[in-house]
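Each chain, letter by letter, is given below.
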Amino acid sequence: MNYRGPFRIRADRDKPVPQIEHPYDAIVRVTRSLICGSDLHLYHGMVPDTRVGMTFGHEFTGVVEEVGSGVQKLKVGDRVLVPFNIACGTCPFCKQELYGNCHESNPEATAVGGFFGYAHIAGGYDGGQAEYVRVPFADVSPTVIPEGMDIEDAVLLTDVVPTGYQAAEMGGIRKGDTVVVFGAGPVGIMAARCAWLFGAGRVIVIDHLDYRLEFVKNYAYCEAYNFKEMDDPVVFLKKQTDWFGADVCIDAVGCDASGSALQTITGKKLLLQAGSATALHWAVNSVKKGGIVSVIGVYGPPFNMVPMGSIMNKGITLRTNQASVKRLLPKLIDHVMSGRLNPKGIITHRLPLEEISDAYHIFSAKRDNCIKPLLIPPRANLA
Amino acid sequence: MANTSKTFTPPSSKRSENQEPTENFTNVGTPGRIFSLLGGTALAYYGWKKKDSSLGKSLTTAGAYLLLRGVSGFCPVNKALQIDTAHADFEGFEVTSSVTILKPRNEVYQFWRQLENLPKFMEYLKSVKQIDDKRSHWVAKVPKNIISKETLSTVAWDAKIEQEEENNRIVWRSEPNSEVENSGEVRFTDAPANRGTVVQATISYHPPFGVAGELAAKLLNPAFKELVKQDLRRFKRLLEAGEIPTIIGQPSGRKDENY
């Protein structure tokens, strides 16, 4: 794919096939690729330094076509799932298993590590909504898909499942806790489902799209409410919890939130702040005193207006990070293989890679009850 | 050995000692005087052409003042502010930068001491060849412009390691009459709490082409500072991750596709 500017994406047949540049590189032929909600932030032009000519896509599986001389764990022909973070595996942050914060893979390296197919603030590596991808540090993150795992489950293990799972994990859920998830996108859905694995007693999802609320109710066995049908979601949640507030709130929306005119105008229209922080406001205001707010929705530079007074005076713990996919993979592969998680259930659309422009449009405009679109490149099924 | 003192001295210090002030009333340096002469002439000419207007009169006056400043080398404003650029010792340029690398000290030291390794992470260095244990031949690239990585030409010089303490420090200096007179010191210390090795590099150089080179170098010094910093950052990546990650070969929408 080729990014031409906000809301303009096209399939490009003329891009050169990537080459091995370093001994630790591998070239992967993509077999399945997903469009992520965070790709929509790029698509909407909300992420700084998104350059024309980029290839997006950080959720993909593939077949190893070529390996550099230094690669030891992968061999040509391996079917791999490629976590979205590019991690060197040796820097102090990778050693702490913070693979999303690798110090070496992103030239700017002040906050986030390198990601596939994100703006140049995340390193500017070309991504997986393509036929071939160059995967740096191929020995570190890419993982061979276990025997018997469906490829559609595997591709979701590259981002959506670990991210949702880590959202629940960061929430520090204790047995019987009430967990509120803002946003019923793929990550919110997954976070709601994973919350049960940590022993939640009650899971509530807040969104404004009825089809997604309907979906999450069935998929994650939880309560789901439309904030457009209530005066104030914060008051609603307080009432639901006898004015205590929820034990754990998860913001699975990020900078593209709707629901507050003030936030939408300052964040998305005037660009006075980095997108609208509506979901974060609600999360902070509806969590209990001393509760935990887990932020997994993406916020970008430079800053957002947040109710710091509430955070301070309520003694809230904020926990945030990009998912550390490699750290979580062994646990999640086990959950998927044993049937406790069914990731591929959230894929609603399967489209050929050539129709990527339509796929973005359907996903962005929330047409056709779209939850998660999957792209299949033309060379996906070669032997 | 030529220099055995413990303190690090930039290469040009000897040179400034010889520069005896000849005119004691001057307080404007040579680059400043040239600038004043050129600027003053232009302003005075432009002002004289419009001498009927008040703008023209003030421009002529300003031009005349600059001309006087250029010719005499004396500036009352400099005097009032106690600035003296004529007698400032020009010591060459010195840049210091440091980085912490998560590797044992001897490993970091050994990698650097193999001077042939330096072009692997120093962007504008083309090659370093060791002549013998102490002496080496350096070739650096001169880029076509600031953005482009295309090489316009190269400069070369011979350098000699003047002091070295294993796992502690290396001091080198270019041989006399080099095209680019430079010297440097790199120190290796243990970071606290087993957090690796702190590498601190001081590089100093004296630009060629006299006053013009001095002026050009002054303008480019911030860029040079950044370059040293970036090189050290690349050094860290090379040692820690085994490679310097790249996105080379990817279209990025920049006019210049070298990025």
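Here the structure is a predicted model, which is why all the values come from computation and not from measurement.

Definitions and limits used
- Residues numbered from 1 in each chain as written.
- Chains lettered and ligands numbered in written order.
- Predicted model: local features only at pLDDT ≥ 70, side-chain atom pairs only at ≥ 80, totals over all residues.
- Helix = DSSP H or I, 4+ residues; strand = E, 2+ residues; numbered from the N terminus.
- Buried ≥ 20, exposed ≤ 12 C-beta atoms within 10 Å, placed from the backbone.
- Contact = placed C-beta atoms within 7 Å.
- Axes fitted to C-alpha atoms, helices over the stretch in contact; angles between N-to-C directions.
- Parallel < 35°, antiparallel > 145°, perpendicular 65-115°, else oblique.
- Left-handed = near helix turned anticlockwise from the far one by under 90°.
- Core = buried A, V, L, I, M, F, W, Y, C linked by C-beta atoms within 7 Å.
- Pairing = 2+ DSSP bridges.
- Nonpolar A, V, L, I, M, F, W, Y, C, P; charged D, E, K, R; others polar.
- Domains from an automatic or database assignment.
- Expected span 1.5 Å × (residues − 1).
- Arc of directions from axis to C-beta.
- Right-handed = clockwise from strand over helix to strand, strands pointing away.

All right, on to the overall build of chain B then. When helices and strands are tallied, chain B shows six helices and seven strands. Along chain B, helices (α) and strands (β) appear in the sequence α-α-α-α-β-α-β-β-β-β-β-β-α when read from the amino end. Across the 259 residues that make up chain B, the buried fraction comes to 22%. Put simply, of all contacts in chain B between residues at least 6 apart along the chain, 53% involve residues at least 24 apart.

Attention now moves to the overall build of chain A. From N to C terminus, chain A includes 12 helices and 17 strands. Principal-axis analysis of the C-alpha atoms places the extent of chain A at approximately 60 × 45 × 40 Å. In chain A, buried positions account for 54% of the 383 residues.

All names here are of chain B. Where helix H2 (residues 30–49) contacts helix H3 (residues 54–72), the two axes come as close as 7 Å, and the packing angle between them is 155°. When the axis of H2 is compared with that of H3, the two are roughly antiparallel. Where H2 crosses over H3, the handedness of that crossing is left-handed. Contacts between H2 and H3 involve Arg33, Ser36, Leu37, Gly39, Gly40, Thr41, Leu43, Ala44, Tyr46, Gly47 and Trp48 from the first element and Gly56, Lys57, Leu59, Thr60, Ala62, Gly63, Ala64, Leu66, Leu67, Arg69 and Gly70 from the second.

Most often, soluble globular proteins keep nonpolar side chains buried together rather than apart. Among the nonpolar cores identified, the biggest contains 122 residues, and Ala191(A) and Ile250(A) are the most heavily contacted of them. Not counting chain neighbours up to four residues away, the residues in contact with Ala191(A) comprise Gly164(A), Ala167(A), Ala168(A), Val181(A), Ile250(A), Ala252(A) and Ile296(A). Counting 19 residues, the second-largest nonpolar core is a separate cluster that includes Ile170(B), Val186(B), Phe188(B) and Ala201(B).

Take the sheet that holds strand S11 (residues 202–207) of chain A next. All names here are of chain A. Taken in spatial order, the six strands line up as S12-S11-S10-S13-S14-S15 in an open sheet, and their pairing is parallel. Since the sheet does not close on itself, it has two edges, and those belong to strand S12 (223–226) and strand S15 (317–320), each with one partner. Pairwise comparison of adjacent strand axes, ignoring direction, gives a mean angle of 20° for this sheet. Relative to S11, strand S10 (residues 178–182) is paired through five bridges, and the arrangement is parallel. Pairing of Val181 across the sheet is with Val205, part of S11.

Taken together, the contact between chain A and chain B spans 21 residues of the former and 16 residues of the latter. A per-class count over the side of chain A that touches chain B returns nine nonpolar, eight polar and four charged.

Annotation of chain B at the domain level lists domain 1 (30–80) and domain 2 (93–241). Its C-alpha centre places domain 1 of chain B at a distance of 42 Å from the equivalent point of domain 2 of chain B.

Time to look at the environment of Lys129(B). All names here are of chain B. You can see Lys129 is positioned in strand S2 (residues 125–130). Each C-alpha atom of the pair Lys129 and Asn117 lies 9.7 Å from the other, and the pair is 12 residues apart in sequence. With near-sequence residues (within four places) excluded, Lys129 lies in contact with Ser136 and His137.

On to the environment of Leu351(A). All names here are of chain A. Within the secondary structure, Leu351 is located in strand S16 (residues 349–352). Taking the C-beta count within 10 Å as the criterion, Leu351 has 15 such neighbours and is therefore assigned partly exposed. Considered as a pair, Leu351 and Leu34 are 317 residues apart in the sequence and their alpha carbons are 10.0 Å apart. Apart from residues lying up to four places away in sequence, Leu351 is in contact with Asp358, Ala359, Pro373 and Leu375.

A few words now on H3(B). Residue and element names in this part refer to chain B. Its 19 residues give H3 an end-to-end C-alpha distance of 27 Å, which sits within 8% of 27 Å, the value for a rise of 1.5 Å per residue. Within the span of H3, buried status applies to Leu59, Gly63, Leu66, Arg69 and Gly70. All buried residues of H3 lie within an arc of 120° about the axis, which places them on one face of the element. Along H3, exposed side chains directed more than 90 degrees from the buried face belong to Ser54, Ser58 and Val71. Buried residues in H3 make contact with H2. Residue Gly73 follows H3 closely and has a positive phi angle near 75°.

A separate point is the domain arrangement of chain A. Residue and element names in this part refer to chain A. Segmentation of chain A into domains returns domain 1 (2–159 + 324–376) and domain 2 (164–320). Each side of the interface is counted separately: domain 1 has 20 residues, and domain 2 has 20 residues. Put simply, the parts of the chain that give the side of domain 1 that touches domain 2 at least two residues each are helix H1 (37–43) and helix H11 (325–337). Counting residues per element, the side of domain 1 that touches domain 2 draws most heavily on H1, which supplies four residues. Its residues assigned to classes, the side of domain 1 that touches domain 2 shows 10 nonpolar, seven polar and three charged.

Take the packing of helix H4 (residues 160–170) of chain A against H11(A) next. Residue and element names in this part refer to chain A. Two elements in contact, H4 and H11, have axes separated by 10 Å at closest approach and are oriented at 95°. Comparing the axis directions of H4 and H11 gives the class roughly perpendicular. Here H4 contributes Val161, Pro162, Tyr165 and Gln166 to the contact with H11, which in turn contributes Val325, Leu328 and Leu332.

Right, let's get into the pairing of S10(A). Residue and element names in this part refer to chain A. The buried fraction of S10 is high, at five of five residues. Burial along S10 is two-sided: the residues Thr178, Val180 and Phe182 and Val179 and Val181 are all buried. Read as a crossover between parallel neighbours, the route from S10 over helix H5 (residues 186–197) to S11 is right-handed.

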